[in-house]
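Coordinate inspection notes
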There are 2 protein chains.
Amino acid sequence: QGSSADGQSKAASCAACHGAKGKAVNAIYPNLAGQNEDYLALALRAYQKGERSGGQAGVMQAFTSSLSEQDISDLAAYYASLTPLK
Amino acid sequence: QGSSADGQSKAASCAACHGAKGKAVNAIYPNLAGQNEDYLALALRAYQKGERSGGQAGVMQAFTSSLSEQDISDLAAYYASLTPLK
């Protein structure tokens, strides 16, 4: 089970593209605030396993390559806990 | 440019997993309501081009295979126009 508090401290490098509160800085990146925790973990693992290519997948693969399973759970819990911003 | 009205009529088959208002019926699927329009279109094209595998990618590839570029724009506009539900 992920800890959103730990996830917040691990999300510093994600904020550059996904925004400080999970609202992406650019419309080609997904908003993450309020996204489903299980889906977020699945997506992070997909990038980590190289199951996604094209677009920004290369950037995401680089960012996810060093994540542990706990990191993934914490980051997913953190972003899922945020209120989606319109 | 996509039309969210046209997208709404084209989203009938998406609702089974992504919910009638873009709040997914299952936590392993992404919520789509209020997601960035450009990202949604990029993700649909990625599934269509086979740039995503694993998980539910096979299902998405089947659904996107018959979509036209206009369909993709309309669906992206529609889901981006919805208010995200917590």
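Everything discussed here concerns the structure shown above.
Residues numbered from 1 in each chain as written. Chains lettered and ligands numbered in written order. Predicted model: local features only at pLDDT ≥ 70, side-chain atom pairs only at ≥ 80, totals over all residues. Heavy atoms only, no water.

Moving on, we come to empty space enclosed by the protein. For the structure on display, the rule yields one cavity of 30 Å³ or more. Looking at the largest cavity, its volume works out to about 140 Å³. A33 and P84 of chain A together with N31, A33 and P84 of chain B are the residues nearest the centre of the largest cavity, which is lined by 14 residues in total. Residues belonging to the lining of the largest cavity are distributed by class as follows: six nonpolar, eight polar and no charged. (1 Å grid on protein atoms, 1.4 Å probe; cavity = no way out; pocket = protein on both sides within 12 Å on 5 of 7 lines; lining within 4 Å. Points joined across faces, edges and corners; volume = space filled by probe spheres on them. Nonpolar A, V, L, I, M, F, W, Y, C, P; charged D, E, K, R; others polar.)

A few words now on the packing of aromatic side chains. Evaluated as defined, the whole model comprises two aromatic pairs over all chains. Directly above the aromatic system of Y47 of chain A lies the positively charged group of R52 of chain A, at a separation of 5.1 Å from the ring centroid. (Phe/Tyr/Trp six-rings, centres within 6.5 Å; stacked < 30°, edge-to-face > 60°. Lys NZ or Arg CZ within 6 Å of the ring centre and 35° of its normal.)

What follows deals with the nonpolar core. Counting residues in each nonpolar core, the largest one holds 20 residues, and the members touching the most others are A11, L40, L44, L75 and Y79 of chain B. Breaking this core down by element, the ones donating at least two residues are α3 (37-48) of chain A together with α3 (37-48), α4 (57-64) and α5 (69-81) of chain B. Ranked by residue count, the leading element in this core is α5 of chain B, at six residues. Setting aside anything within four residues of it in sequence, one finds L75 of chain B in contact with G7, K10, A11, C14, L44 and L67 of chain B. Residues A11, L40 and L82 of chain A together with Y39 of chain B belong to the second largest nonpolar core, which totals 19 residues. (Core = buried A, V, L, I, M, F, W, Y, C linked by side-chain atoms within 4.5 Å. Buried < 20%, exposed > 50% of the residue type's maximum accessible area, 1.4 Å probe, protein only. Helix = DSSP H or I, 4+ residues; strand = E, 2+ residues; numbered from the N terminus. Contact = heavy atoms within 4.5 Å.)

This paragraph deals with the state of the cysteines. Going through the model one piece at a time under the given rule, you end up with zero disulfides over all chains. Cysteine C17 of chain A shares no disulfide, and the gap to the nearest cysteine sulfur, in C14 of chain A, comes to 9.0 Å. (Disulfide = S-S within 2.5 Å.)

It is common to give the size of an interface as the accessible area lost on bringing the parts into contact. Of the residues lining the interface, 25 residues belong to chain A; the matching set on chain B comes to 25 residues. Buried surface at the junction of chain A and chain B, both sides included, amounts to about 2000 Å², of which 45% is carbon and sulfur. Together, N36, E51 and K86 of chain A form the three largest contributors to the area buried by chain A at its contact with chain B, with a combined 25%. Counting across the interface, chain A meets chain B through zero salt bridges. Counting residues per element, the ones that place at least two in the side of chain A that touches chain B are α3 and α5 (69-81) of chain A. (Buried area = accessible area lost by both parts, 1.4 Å probe. Salt bridge = Lys/Arg side-chain N within 4 Å of Asp/Glu carboxyl O.)

Pairing between side chains becomes possible if they bear opposite charge and their charged atoms approach one another. Tallying each qualifying case throughout the model produces eight salt bridges over all chains. K49 of chain B is paired through a salt bridge with E51 of chain B; the nearest N and O atoms lie 3.8 Å apart. On the basis of relative accessibility, which here comes to 57%, the residue K49 of chain B falls in the exposed class. When salt bridges with common partners are traced through the structure, they connect K10, D71 and D74 of chain A into a single cluster.

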